[in-house]
Amino acid sequence: MSVMKRLSGIVQAKTNKLLDKAEDPRESLDLSYQKQLESLQKVRRSVADVTTAKKRIELQATQIQQQADKLQQQAKAALSQGNEDLAREALARRAALADQLADLQTQHQQVAAQEAKLIDTAKKLQAQVDAFRTKKETMKATYTAAEAQTKIGEAVSGISESMSDAGMSIQRAQDKIDSMQARAGAMDELLASGALTNLNQPVDDIQAQLDKVQATDAVDNELAAMKAELAADSPSGELPAAPTGATAVEAPSDGAAS
Amino acid sequence: MIVRILGEAQYEVPDDHQGDLDALDAALVKAVDSGDEAAFLVALRALADDVRKKGQLLADDDFVPSHLVVPFADSSLEETRQLLADARPDEG
């Protein structure tokens, strides 16, 4: 059977639910107008929802980007220390984040598309609300009771059908937003736990190793400086071969205690 | 006749264009029944384009019910199937 006819029947059924059977057809114009306003409110709420969802994804992308940048710097630092394995590890983790980022970008595009559609739906509905507000008063004034029955009935059916359409458009966008929000929620949890992206701990891992190397370097430098100092103090130009006197005895016991 | 494209607008399509619309609709039915996504997308686009081209866009203050309804022009086969399956249960 024809897709267009079947769909027409479905829209009709939805529309019938929206129709108010008022005694006075003129009254049904006002009721329809009220419903139209409610419908407009609903679209606007959906627009706000989708905008929030979009911002959330942007925030997640920013967080992941920052972590990726950090890993990039750490890879460089590791390489400058000659630790290629550590640099490789940092870059591998950065690549995993890049995948996440690409996924978020796709989601962002989808959310933005839904946002654009809803804004469009809201605009169209607003235009109809404005048009209907004037038209219903004209209709009330012009039609006799007999004419009103058919003419107003048709207009009310028409406006109700538009509301059904808007309702279906909202539902459609909402379904997509819901599934994206579920994914965004999962991403938030993963970001918080660090499980998926290994965001916090591994980055700190790499940082710890880098810091350790730096600390070791600093200790080595200090040691070298001390050695040089002692060598300069010693008349023979060499370190004393064995401890002589109280100060020399104290030194090893300090070392053992620490 | 009045044709609505869901999520888009209503158009007044000349009655003598009914035959062409029926042919495009038949192609859409065939694609839906066979589950051929590619054919479905082509058929849906062809139908929506035809309504836009042959039809006259209704003004914002034309409040009339439609005779025929075209699915959301960018919908997938699955989405359209669900839309059509929506039919029976919620009468009244």
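Described in the following lines is the structure provided in the data block. Keep in mind it's a predicted model, so treat the numbers as computed, not measured. (Residues numbered from 1 in each chain as written. Chains lettered and ligands numbered in written order. Predicted model: local features only at pLDDT ≥ 70, side-chain atom pairs only at ≥ 80, totals over all residues. Heavy atoms only, no water.)

Residue and element names in this part refer to chain B. Of the two faces of strand β1 (residues 2-5), the one lined by Ile2 and Arg4 and the one lined by Val3 and Ile5 are each fully buried. Pairing analysis gives four bridges linking β1 to strand β2 (residues 9-12), with the strands arranged antiparallel. Across the sheet, valine 3 pairs through a bridge with tyrosine 11, a residue of β2. Counting the residues that bridge the hairpin from β1 to β2 gives three residues, and of these glycine 7 lies at a positive phi of roughly 75°. Two elements, β1 and strand β4 (residues 68-70), share three bridges in a ladder whose sense is parallel. When the sheet's bridge partners are listed, valine 3 is paired in β4 with leucine 68. (Buried < 20%, exposed > 50% of the residue type's maximum accessible area, 1.4 Å probe, protein only. Helix = DSSP H or I, 4+ residues; strand = E, 2+ residues; numbered from the N terminus. Pairing = 2+ DSSP bridges.)

A general tendency of soluble globular proteins is for nonpolar side chains to be buried together. Core analysis: the biggest nonpolar cluster contains 44 residues, and Ile64(A) and Leu118(A) have the highest contact counts within it. Sort the elements by how many residues they give to this core and helix α3 (residues 84-142) of chain A lands first, with 14 residues. Residues Val3(A), Met168(A), Leu47(B) and Leu83(B) belong to the second largest nonpolar core, which totals 31 residues. (Core = buried A, V, L, I, M, F, W, Y, C linked by side-chain atoms within 4.5 Å.)

Attention shifts here to the pattern of salt bridges. Residue and element names in this part refer to chain A. Summed over the entire model, instances satisfying the criterion amount to 18 salt bridges over all chains. A salt bridge links glutamate 137 to lysine 140; the shortest N-O distance between them is 3.5 Å. Here glutamate 137 and its partner lysine 140 are both found in helix α3, three residues apart, which amounts to about one turn of the helix. Each of Asp30, Lys136, Glu137 and Lys140 takes part in a single network of salt bridges with overlapping partners. (Salt bridge = Lys/Arg side-chain N within 4 Å of Asp/Glu carboxyl O.)

So, on to the packing of α3(A) against helix α4 (residues 145-193) of chain A. All names here are of chain A. α4 packs onto α3 with a crossing angle of 165° between their chain directions and a minimal axis gap of 10 Å. Judged by the inter-axis angle, α3 sits roughly antiparallel to α4. Regarding α3 and α4, the two cross each other, and that crossing is left-handed. Per-class residue counts for the contact of α3 with α4 are 15 nonpolar, nine polar and seven charged. (Axes fitted to C-alpha atoms, helices over the stretch in contact; angles between N-to-C directions. Parallel < 35°, antiparallel > 145°, perpendicular 65-115°, else oblique. Left-handed = near helix turned anticlockwise from the far one by under 90°. Nonpolar A, V, L, I, M, F, W, Y, C, P; charged D, E, K, R; others polar.)

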